[in-house]
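The residues making up each chain are set out below.
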Amino acid sequence: MRRIAITCVTITLFFTISGCAMKHAPPPPAPPPVPETILGSDNVQDSLFKGDQAVLSDQDIARILGTQIKLADRHHLAILNLNSDYYWSEDLAEVQAKNFAALIRALKAAPQLTQVRLLPSLLVPEKRTVPYLREAAARIQADLLFVYTSRIQSFRRDRFFKSDEVHAQCVAESVLLDVRTGIVVHTGRATENFALQKTSADLNFEETVARAESEARGKAVLSLANSLTAFLEQATKVAQATK
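Definitions and limits used
Residues numbered from 1 in each chain as written. Predicted model: local features only at pLDDT ≥ 70, side-chain atom pairs only at ≥ 80, totals over all residues. Heavy atoms only, no water. Phe/Tyr/Trp six-rings, centres within 6.5 Å; stacked < 30°, edge-to-face > 60°. Buried < 20%, exposed > 50% of the residue type's maximum accessible area, 1.4 Å probe, protein only. Core = buried A, V, L, I, M, F, W, Y, C linked by side-chain atoms within 4.5 Å. Helix = DSSP H or I, 4+ residues; strand = E, 2+ residues; numbered from the N terminus. Contact = heavy atoms within 4.5 Å. Expected span 1.5 Å × (residues − 1). Salt bridge = Lys/Arg side-chain N within 4 Å of Asp/Glu carboxyl O. Pairing = 2+ DSSP bridges. Polar contact = N/O pair within 3.5 Å; in protein donor to acceptor, adjacent residues only side chain to side chain. Patch = residues over 30% accessible without salt bridge, like charges linked within 9 Å, V, L, I, M, F, W, Y side chains within 5 Å. Areas by Shrake-Rupley, 256 points an atom, 1.4 Å probe, with all protein chains shown as cover. Arc of directions from axis to C-beta.

Observations regarding the packing of aromatic side chains
Moving on, step 1. A complete count under the given rule lists 1 aromatic pair for this structure.
Moving on, step 2. Geometrically, the ring pair formed by Phe-146 and Tyr-148 is tilted, given 5.7 Å between the ring centres and 35° between the ring planes.
Moving on, step 3. Exposure remark for Phe-146: the relative accessible area of 1% places this residue in the buried category.
Moving on, step 4. For Tyr-148, a relative accessible area of 9% gives the class buried.

Quick look at the structure:
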C-alpha cells in the first residue's frame, strides 16, 4: 500500500509540473508581416531610402515632377562651353572662330530667341553646379542657359603613296537649363566624324590632327544647336495650339 501511495503521489506531481510548464510556456511567434511591394501598392510616392531626404525632400521632388515648364516667355539665351579652348596656330584659331560663328547663327535662327550671347568667362564659377550656373546666367539676365561639352577621339592612317590621313570623331552633349526654375528642359547628344589629309601648309602631323578634331567638334556642336532650335520651335507651336 505504501508503494502504491508513493507511485500515485509521483504521478500527480508529474502532471502538476507538466501543467504548470505548459501554462507558462511562451506563445509561438507571430508570422512576419507581408512585405509591401512597389508593384502591389498604389500609394508609394515617397522615397524608400530616408537618407535621400538630406539632398532633396519628397515634397520638392513631387513639386518638381508636377511642374509644367512653358518656354514662351524665355527669349534670352546664354552659352557656356565646358571645354577649354586652345589655339596654337593661326589656322586653328580661325577654325575655332568659324565654329563659334556657325553656332551663334544656328541659335539665332530660332524666332523665339531675341538675344544669344556667350556667358563671359569672368562670370563662369569654379564650381560648375546648377545653382552657381543659374546665378551666373541670371547676372546677364539670361532666361535660358545652353551648356555643352565634347570629347574627341582620333586615329591616323599612314600611307605609302599618299599623304597621311587622320580620322577624328567628336561626341558632344548639351543641356538647356531654364534659369528661372532650375529645370533641364532639353538634352542633346551628337556624334560627328571628320577626315583630313596632311597638307604642305601643316607644320607637322599634330597640326593636321588638331584641325581635324576642331572640324569634328564644330560639326557636333552645330548639330546640338540645330536640335535645340528645332525643340524650341516645336515648343512654341505646342504653346500656340493650346491657347
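Things to note about unusual backbone geometry
Moving on, step 1. Even without being glycine, Gln-141 reaches a positive phi, approximately 55°.
Moving on, step 2. Since its relative accessible area comes to 62%, Gln-141 is described here as exposed.

With respect to the nonpolar core
Most often, soluble globular proteins keep nonpolar side chains buried together rather than apart.
Moving on, step 1. Among the nonpolar cores identified, the biggest contains 30 residues, and Leu-77, Ile-79, Leu-103, Leu-107, Phe-146 and Leu-176 are the most heavily contacted of them.
Moving on, step 2. Within the residue set of this core, elements represented by two or more residues are β1 (76-81), α3 (90-108), β3 (144-157), β4 (165-178), β5 (184-197) and α5 (205-241).
Moving on, step 3. A per-element tally of this core places α5 first, with 9 residues.
Moving on, step 4. Not counting the four nearest positions on each side in its chain, Phe-146 is found in contact with Leu-77, Ala-78, Ile-79, Leu-80, Leu-103, Leu-107, Ser-174, Val-175, Leu-176, Leu-224, Ala-225 and Leu-228.

Brief notes about α3
In an α-helix there are 3.6 residues to a turn, and that puts residues three or four apart on one side.
Moving on, step 1. For α3, spanning 19 residues, the distance from its first C-alpha to its last is 27 Å, which sits close to the expected 27 Å at 1.5 Å a residue.
Moving on, step 2. For α3, the full list of buried residues reads Leu-92, Val-95, Gln-96, Asn-99, Ala-102, Leu-103, Ile-104, Ala-106 and Leu-107.

Section: the pattern of salt bridges
Moving on, step 1. Tallying each qualifying case throughout the model produces 8 salt bridges.
Moving on, step 2. Between Arg-74 and Asp-178 there is a salt bridge whose closest N-O contact spans 2.8 Å. Of this pair, Arg-74 sits in the loop between α2 (58-65) and β1 while Asp-178 sits in strand β4, placing them 104 residues apart in sequence. For the pair formed by Arg-74 and Asp-178, the shared burial category is buried.
Moving on, step 3. Through salt bridges with shared partners, one network takes in Asp-73, Arg-74 and Asp-178.

With respect to the pairing of β1
Moving on, step 1. Within β1, 5 of the 6 residues are buried, which leaves the element mostly enclosed by the surrounding structure.
Moving on, step 2. Relative to strand β2 (residues 115-118), β1 runs parallel, the two being bridged by 4 bridges. Looking at β2, one finds that His-76 is bridged to Gln-115.

Concerning the environment of Thr-149
Moving on, step 1. For Thr-149, the position within the fold is in strand β3.
Moving on, step 2. We classify Thr-149 as partly exposed; its relative accessible area is 28%.
Moving on, step 3. Considering only alpha carbons, one finds Thr-149 and Leu-82, 67 residues apart in sequence, at a separation of 5.2 Å.
Moving on, step 4. Discounting residues that sit within four places of it in the chain, Thr-149 has contacts with Leu-82, Asn-83, Val-171, Ala-172 and Glu-173.
Moving on, step 5. Among the polar contacts made by the side chain of Thr-149, one reaches the side chain of Asn-83 at a distance of 3.3 Å.

So, a nonpolar patch on the surface
Moving on, step 1. A cluster of nonpolar side chains, Val-55, Leu-56, Ile-61, Ile-64 and Leu-65, forms an exposed patch at the surface whose accessible area comes to about 470 Å².
Moving on, step 2. On the basis of relative accessibility, which here comes to 75%, the residue Val-55 falls in the exposed class.

Side note on helix α4 (residues 130-139)
Moving on, step 1. Every buried residue belonging to α4 is among Leu-133, Ala-136 and Ala-137, and all of these are buried. The arc that holds the buried residues of α4, viewed along the axis, is 95°, so those residues lie on one side. Opposite the buried face of α4, by more than 90 degrees, sit the exposed residues Pro-131 and Arg-139.
Moving on, step 2. Gln-141 sits one or two residues past α4 and shows a positive phi near 55°.

Examining the side chain of Arg-74
Moving on, step 1. Arg-74 sits in the buried class, given a relative accessible area of 7%.
Moving on, step 2. In this structure the side chain of Arg-74 is engaged in a polar contact, spanning 2.7 Å, whose partner is the side chain of Asp-73.
Moving on, step 3. Setting aside chain neighbours within four positions, we find Arg-74 in contact with Gln-112, Leu-113, Asp-143, Leu-144, Asp-178, Arg-180 and Thr-181.

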